[in-house]
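# Per-entry structural report
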Amino acid sequence: MKTNQIIKALLIFVGLSGCFSVLCGAWLAHGGEMLAVAAQSRITTALEYQFFHTLALLACLIWYNHQPRKWLLSSALLFFIGIILFSGSLYLKTLFDISSLGNLAPIGGISLASAWLLLAIAGKNNS
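About the cut-offs
- Residues numbered from 1 in each chain as written.
- Predicted model: local features only at pLDDT ≥ 70, side-chain atom pairs only at ≥ 80, totals over all residues.
- Heavy atoms only, no water.
- Helix = DSSP H or I, 4+ residues; strand = E, 2+ residues; numbered from the N terminus.
- Expected span 1.5 Å × (residues − 1).
- Buried < 20%, exposed > 50% of the residue type's maximum accessible area, 1.4 Å probe, protein only.
- Arc of directions from axis to C-beta.
- Contact = heavy atoms within 4.5 Å.
- Disulfide = S-S within 2.5 Å.
- Polar contact = N/O pair within 3.5 Å; in protein donor to acceptor, adjacent residues only side chain to side chain.

A word on helix 4 (residues 105–124). Each full turn of the α-helix corresponds to 3.6 residues, which orients residues three or four apart in the same direction. The end-to-end C-alpha separation of helix 4 is 29 Å, in line with the 28 Å expected for 20 residues at 1.5 Å each. Where helix 4 is concerned, the buried positions are Ala105, Gly108, Ser111, Leu112, Ala115, Leu118, Leu119 and Ala122. What you see down the axis of helix 4 is that its buried residues fit within an arc of 135°, all on one side. Relative to its buried face, helix 4 has exposed residues pointing more than 90 degrees away, namely Ile110, Leu117 and Lys124. Next to the buried residues of helix 4 lie helix 2 (37–66) and helix 3 (70–96).

Right, dumping it as structure tokens:
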């Protein structure tokens, strides 16, 4: 897949992820009381991580557009993977009672932390 296609796909993901974050947040605020408190907490954590890291992914893509750097693209891809694995697994585990998917959350968390480290490397090498 070409870099331009990857960037386009990630931008589409940013739009969909941001939209889902808003809709899920609204659902949680207005209809989430049907969930147990622990489930509400898990969904809230997934939602917060998804939203903040969607914004970080968008920032990487904007920065990459101005100064293409392999560290930025790698960071963006890790943010994408982290959002899917961390938040996605928590959503599925909670809403569909698929407990085995919870094992993906730590991998997603490591992906998110790694994305931040690559972002730091991109900043350091930005001279």
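With that out of the way, let us pick up the state of the cysteines. Summed over the entire model, instances satisfying the criterion amount to 0 disulfides. Free of any disulfide, Cys24 has its nearest cysteine sulfur in Cys19, 11 Å distant. Classification of Cys24 by relative accessible area gives buried; the value is 8%.

This part covers unusual backbone geometry. Although it is not a glycine, Asp97 sits at a positive phi angle of roughly 55°. Looking at the secondary structure, you find Asp97 in the loop between helix 3 and helix 4.

As a further point, take the environment of Gln40. Inspection of the secondary structure assignment puts Gln40 in helix 2. Sequence spacing of Gln40 and Trp63 is 23 residues, and the spatial spacing of their C-alpha atoms is 35 Å. For Gln40, the residues in contact, after removing those within four places along its chain, are Leu28, Gly32, Glu33 and Leu35. Polar side-chain contacts of Gln40 include one of 2.8 Å to the backbone oxygen of Leu35.

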